[in-house]
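# Breakdown of the fold
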Amino acid sequence: MIIGYGITRDTLLLYSSGNNGVAQMSANVPDEVVFGYIMFEGSGVLVTHVSHKISGVQRARGLAHQKTIAAFFSQHDVTVNTSKPSELTPTMLRERTRHLARKSVPMK
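The notes below deal with the structure included here.

### A word on the packing of aromatic side chains
Tallied over the entire structure, the rule returns two aromatic pairs. Arranged with centres 5.4 Å apart and planes meeting at 10 degrees, the rings of Y37 and F73 form a pair that is stacked. Of the two residues, Y37 is situated in strand 3 (residues 33-40) and F73 in the loop between helix 2 (56-72) and strand 5 (78-82); the sequence distance between them amounts to 36 residues. With a relative accessible area of 11%, F73 lands in the buried category. Ring centres 5.1 Å apart and planes at 90 degrees place the aromatic pair F72 and F73 in the edge-to-face group. What makes F72 exposed here is its relative accessible area of 65%. A network of ring pairs unites the aromatic residues Y37, F72 and F73 as a single cluster. The residue whose ring lies beneath R61 is Y5, and the NZ or CZ to ring-centre distance is 4.8 Å.

### Some details on the sheet that holds strand 1 (residues 2-4)
A sheet is described by the order of its strands in space; here five strands give the open sequence 2-1-3-4-5, paired in mixed fashion. Unpaired on one side and paired on the other, strand 2 (13-16) and strand 5 mark the two borders of the sheet. The sheet shows a mean angle of 25 degrees between the axes of neighbouring strands, direction not considered. Of the strand pairs in this sheet, strand 1 and strand 3 are connected by three bridges, and their pairing is antiparallel. Along strand 3, the bridge assignment pairs I3 with F35. In the packing of helix 1 (residues 21-28) onto the sheet, contacts are made with strand 1, strand 2, strand 3 and strand 4 (43-50), and the angle to strand 3 comes to roughly 175 degrees. Across the sheet, helix 2 is in contact with strand 1, strand 3, strand 4 and strand 5; its angle to strand 3 comes to roughly 35 degrees.

The rules we used
Residues numbered from 1 in each chain as written. Predicted model: local features only at pLDDT ≥ 70, side-chain atom pairs only at ≥ 80, totals over all residues. Heavy atoms only, no water. Phe/Tyr/Trp six-rings, centres within 6.5 Å; stacked < 30°, edge-to-face > 60°. Helix = DSSP H or I, 4+ residues; strand = E, 2+ residues; numbered from the N terminus. Buried < 20%, exposed > 50% of the residue type's maximum accessible area, 1.4 Å probe, protein only. Lys NZ or Arg CZ within 6 Å of the ring centre and 35° of its normal. Pairing = 2+ DSSP bridges. Axes fitted to C-alpha atoms, helices over the stretch in contact; angles between N-to-C directions. Contact = heavy atoms within 4.5 Å.

Written as structure tokens, this is what we have:
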């Protein structure tokens, strides 16, 4: 799921959602401030994307909302920050989530 400001200054809108993981998310990240949530190998990952192409004012506004977004997605296990869509890769997410205890399924 990706949410962003669109043409508004302070209201977040749903940009996209889907089931195709990291590749789909990175292909749909626009050049602006957006927040994403993805389940990756059993871990909830909150993505804050602040494009390197935006102004300092837009960047500051997005970063100011980061805490509020994190509180809304309180079930996330880790937060990652990106400035280019190409940074959002399975390798990067695996590195950021490797310290988390792996969830196990009890055997019957």
